[in-house]
Each structure stands twice: as C-alpha cells, then as structure tokens.
Amino acid sequence: MKLSHFQFNLPKELLAEFPAENRDESRLMVIDRQKQTIEHKMFKDVINYFDDGDVLILNNTKVFPARLYGNKEKTGARIEVFLLRELNSEQRLWDVLVDPARKIRIGNKLYFGDDDSLVAEVIDNTTSRGRTLRFLYDGSYEEFRNKLTELGETPIPKYINREVTAEDAERYQTIYAKEEGAVAAPTAGLHFSKHLLKKLEIKGINFAEVTLHVGLGTFNPVEVEDLSKHKMDSEELIIKQEACDIVNAAKVNKKRICAVGTTSMRAIESSVSSQNTLNPYEGWTNKFIFPPHDFSIANCMITNFHTPKSTLLMMISAFCGHDLMKRAYEEAIKEEYKFYSYGDAMLII
C-alpha cells in the first residue's frame, strides 16, 4: 500500500466545528466485514451490537489545557505555546511548540497572564517549531501546575476555525477521562454519555481501561509514499494487569472485544504476548499500524471519520479491508457524515 491510496477529496463543510448536541446522538455507520454491509444508525444504537461478557477497551487519558498565549519580552509579540510533554518536573522543563517560531530564539523570555505571574525561558531548539522551555514560577510544583491549568485553554484541533468555548473544556474530554497527559482527545470515546455507559454496564458489557497519552504526532499527515518509512512520534502508554485480565478472559470465551478508538487499538497492539494475549505495559510506544497487519486482540472497533493521508485512516484500512473502507468513506461523504474530532462515528464488526 502506498500513500496515494489514502488520498480522497473531503469537502470542507464536512469537518465538524461543533460537537453533536448530545454525546450519544452522533450518527453511527456500522460496517460488517464478514457480510460486507454498511448500515446507518445513531450512536446510542451501539448497545445493540454487544452482549453479556463482551469488552470495550477505553483509553482513559485526560486532555490538559495545553495551549497557552504569552508575550515575548521587549517586543510584546503574542506567541502561542503548545505544551507537548513535561521533561523534568523539578526543573519545570517542557517540550513545546511555538508559533510564530521564527521569532523565538534560545535565551528569549516569554510572559504569561495579565500580571506576568508565569515566565518561561527558551533553553533549546528541538525542531523547526519545537522548543524546550524552563518555566520560572514562585510557588510549589502543585501551584505551578494549577497556574498552567488556569492560563491554558482546551487544545481543540487547529482545523476548528473558531474561538474556544467553555463548552469545549467539557466536550473535548471523554466522560471516563482520568489520567492527565494528552494534548488531544481520544475522539471515538467522546460519543459515550454517562447514560449509555450505564446501559452497557447493566447489559453485562465489561470495560477495560488503558492509558495512552495522545500526542500531536497522531495528526501528522504521512509524507512518504512508502508507508514503512513513516516515523511515528512516541507516546506514553500504561496497561495494567486488571485490563489484561478482563481482555484475556473475553478472548478465551470468544467474546466481542472492541477497541474504542485508534489510540486504544494502538495501545493493545503495542503489548501482545507470543500467545496473542494482552500483556501489562509501562513505557512508550511509536507503533504505526498500516496494511497489511494482523490484529491480535480486538475483533471490533469504534472510530471517527479521519482525514486523508492520516495514520488513523491507514489503521482503519488495515482493520476494515481497504476496498470496504473506501466504499464506507464514499458513502459517508455522500450521506454528509461529519468528519474528525467532533464528527460522527463508525463501528466496524
């Protein structure tokens, strides 16, 4: 498979700018790989495809308010700082992206907040837009983190061409988000309401939680024609024994095991034993899944509609089968499904 196989024309108006009014009332396209069929449902109908003992694998990462706006010393120029990851908590070192980058050099200071109560010094260049910052703040580590949260805003994707609203802080977060560390939401999970999760639980569906802290690399379009040469950014991954026990028991009992989102699928595929069971894991993963790929754990997945040439689309092709996926995407565009983070969903069984 080459990069050109993943190009398609996506009308701009199909990029979802706002979430559906209610989480579980997005549209749902159901794709049956065995029957090669495509059906149109509402997301809340997802419950009809699961039975007692089936498992949903959820990524419980929590998005933190990663986008800050500061002013450069002397000139006062407004600079966007996107926090990627903390490098050292004691020294308050962070890996960030800055925009516009050409203005930001080593030694520059940036001031944040109306009272300039938070200051950062640029101590390294990492990539063309990447910098290492050392934050200077009078206070404990906890107070410093609270200050970041206070000054930061929800990092909704760049394609959403509007101001961030108070609603985004809630809606660009799954309701089961627990472990802070992501700079982008695992968006398939955004469709689950508390009510729907409760109904699934009552029906006997089990939940296995994994933690994959989604980085911006997830959204990087692939730029090499030979997919095997694409390098994924590393993301932090934690899979606990409890999740493995739930998933492996379902595997033994031949139950439906559904990865909710590409991040959950990447998480579990990063930690497979030689017996094709799920192993505990704590570390980093840069797993890139593209066709052909044999999936070891999940036999079902829920995902959003993805943009052309994205690694996410390549994973769906590998799981769904490329021709069926193409058919599904052509139908989605014809039926005006909404794409991307706040868009509609797809269930592949």
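Residues numbered from 1 in each chain as written. Predicted model: local features only at pLDDT ≥ 70, side-chain atom pairs only at ≥ 80, totals over all residues. Heavy atoms only, no water.

Q: I keep staring at the sheet that holds strand E16 (residues 300–304) and nothing clicks. Help me out?
A: Neighbouring strands of a sheet are bound in pairs by backbone hydrogen bonds; such pairs are parallel or else antiparallel. The 9 strands are arranged E2-E1-E17-E16-E14-E3-E12-E13-E15 in an open sheet whose pairing can be described as mixed. Strands at the two margins of the open sheet, each flanked by one partner only, are strand E2 (37–42) and strand E15 (281–285). Ignoring which end each strand starts from, the neighbouring axes of this sheet average 20° apart. Sheet topology note: the strand E3 (residues 55–59)/strand E14 (residues 257–260) ladder contains 3 bridges and is parallel. (Pairing = 2+ DSSP bridges. Helix = DSSP H or I, 4+ residues; strand = E, 2+ residues; numbered from the N terminus. Axes fitted to C-alpha atoms, helices over the stretch in contact; angles between N-to-C directions.)

Q: Honestly, the environment of glycine 130 in this entry has me stumped. Any pointers?
A: Inspection of the secondary structure puts glycine 130 in strand E10 (residues 130–136). Taking the C-alpha atoms as reference points, glycine 130 and glycine 215, separated by 85 residues in sequence, lie 14 Å from one another. In contact with glycine 130, other than residues within four places in its own chain, are Val96, Leu97, Asp124 and Asn125. (Contact = heavy atoms within 4.5 Å.)

Q: Would you explain the packing of aromatic side chains in this entry?
A: One pair of aromatic rings is described through two measures. These are the centre distance and the angle between the planes. Evaluated as defined, the whole model comprises 16 aromatic pairs. Between tyrosine 172 and tyrosine 342, the aromatic rings sit 6.0 Å apart at their centres with planes inclined by 85°, giving edge-to-face as the arrangement. One end of the pair, tyrosine 172, is in the loop between helix H2 (166–171) and strand E11 (179–182); the other, tyrosine 342, is in the loop between helix H7 (322–334) and strand E17 (345–348), with 170 residues separating them in the sequence. The class for tyrosine 172 is buried, based on a relative accessible area of 1%. Its relative accessible area of 6% is what places tyrosine 342 among the buried residues. Consider the rings of phenylalanine 305 and tyrosine 337, whose centres lie 5.3 Å apart with planes at 55°: the pair is tilted. With phenylalanine 305 in the loop between E16 and helix H6 (311–320) and tyrosine 337 in the loop between H7 and E17, this pair connects stretches of sequence that are 32 residues apart. For phenylalanine 305, a relative accessible area of 0% corresponds to the buried category. (Phe/Tyr/Trp six-rings, centres within 6.5 Å; stacked < 30°, edge-to-face > 60°. Buried < 20%, exposed > 50% of the residue type's maximum accessible area, 1.4 Å probe, protein only.)

Q: How do you make sense of the domain arrangement of the chain when you look at a structure like this?
A: When the parts of a complex come together, some accessible area is lost, and that lost area is often used as the size of the interface. Here the domain parsing of the chain yields domain 1 (3–63 + 169–348) and domain 2 (67–153). Inter-centroid distance (C-alpha atoms) of domain 1 to domain 2 is 32 Å. Of the residues lining the interface, 5 residues belong to domain 1; the matching set on domain 2 comes to 6 residues. Of the roughly 430 Å² buried where domain 1 meets domain 2, counting both sides, 59% is carbon and sulfur surface. Put simply, domain 1 and domain 2 have 2 residue pairs in polar contact (both at pLDDT 80 or more) between them. Grouping the constituent residues of the side of domain 1 that touches domain 2 by class yields 3 nonpolar, 1 polar and 1 charged. (Domains from an automatic or database assignment. Buried area = accessible area lost by both parts, 1.4 Å probe. Polar contact = N/O pair within 3.5 Å; in protein donor to acceptor, adjacent residues only side chain to side chain. Nonpolar A, V, L, I, M, F, W, Y, C, P; charged D, E, K, R; others polar.)

Q: Looking at this structure, how should I read the pattern of salt bridges?
A: Any two side chains of opposite charge can pair if their charged atoms end up close together. Using the criterion set out here, one finds 12 salt bridges in the structure. Here aspartate 168 makes a salt bridge to arginine 162, at a shortest N to O gap of 2.8 Å. You can call aspartate 168 buried: its relative accessible area is 0%. One salt bridge connects lysine 198 with glutamate 201, and the closest N-O pair in it is separated by 3.7 Å. With lysine 198 and glutamate 201 both in helix H3 (residues 194–202) and 3 residues apart, this pair spans about one turn of that helix. When its relative accessible area of 44% is taken as the criterion, glutamate 201 is described as partly exposed. When salt bridges that share partners are traced, they join Arg67, Glu80 and Lys158 into one network. (Salt bridge = Lys/Arg side-chain N within 4 Å of Asp/Glu carboxyl O.)

Q: Hey, could you run me through the pairing of E10 in this one?
A: On a regular strand, one side chain projects to one face of the sheet and the next to the other, so that they alternate. Across the 7 residues of E10, 5 count as buried, placing the element largely inside the fold. Sheet topology note: the strand E9 (residues 118–125)/E10 ladder contains 6 bridges and is antiparallel. Across the sheet, the residue bridging to valine 122 is leucine 133, located in E10.

Q: Explain the layout of surface pockets here, please?
A: The gaps left among the atoms become clear once a water-sized probe is rolled over them. Taken as a whole, the largest pocket holds about 980 Å³ of empty space. For the largest pocket, the lining is made up of 37 residues, of which Leu84, Val183, Gly215, Leu216 and Gly217 are closest to its centre. At the level of elements, strand E6 (78–88), strand E7 (93–99), E11 and strand E13 (235–239) are the ones that each hand at least two residues to the lining of the largest pocket. Per-element tally for the lining of the largest pocket: the top contributor is E6, with 5 residues. When its residues are assigned to classes, the lining of the largest pocket shows 15 nonpolar, 10 polar and 12 charged. Mapping the lining of the largest pocket onto the domain boundaries places at least three of its residues in each of domain 1 (3–63 + 169–348) and domain 2 (67–153). Of the pockets and cavities examined, the second largest pocket occupies roughly 240 Å³. Lining the second largest pocket are 13 residues, with Tyr69, Glu153, Arg162, Glu163 and Val164 positioned closest to its centre. Secondary-structure elements contributing two or more residues to the lining of the second largest pocket are strand E5 (67–72) and E6. Here the lining of the second largest pocket is built from residues that sort into 5 nonpolar, 1 polar and 7 charged. (1 Å grid on protein atoms, 1.4 Å probe; cavity = no way out; pocket = protein on both sides within 12 Å on 5 of 7 lines; lining within 4 Å. Points joined across faces, edges and corners; volume = space filled by probe spheres on them.)

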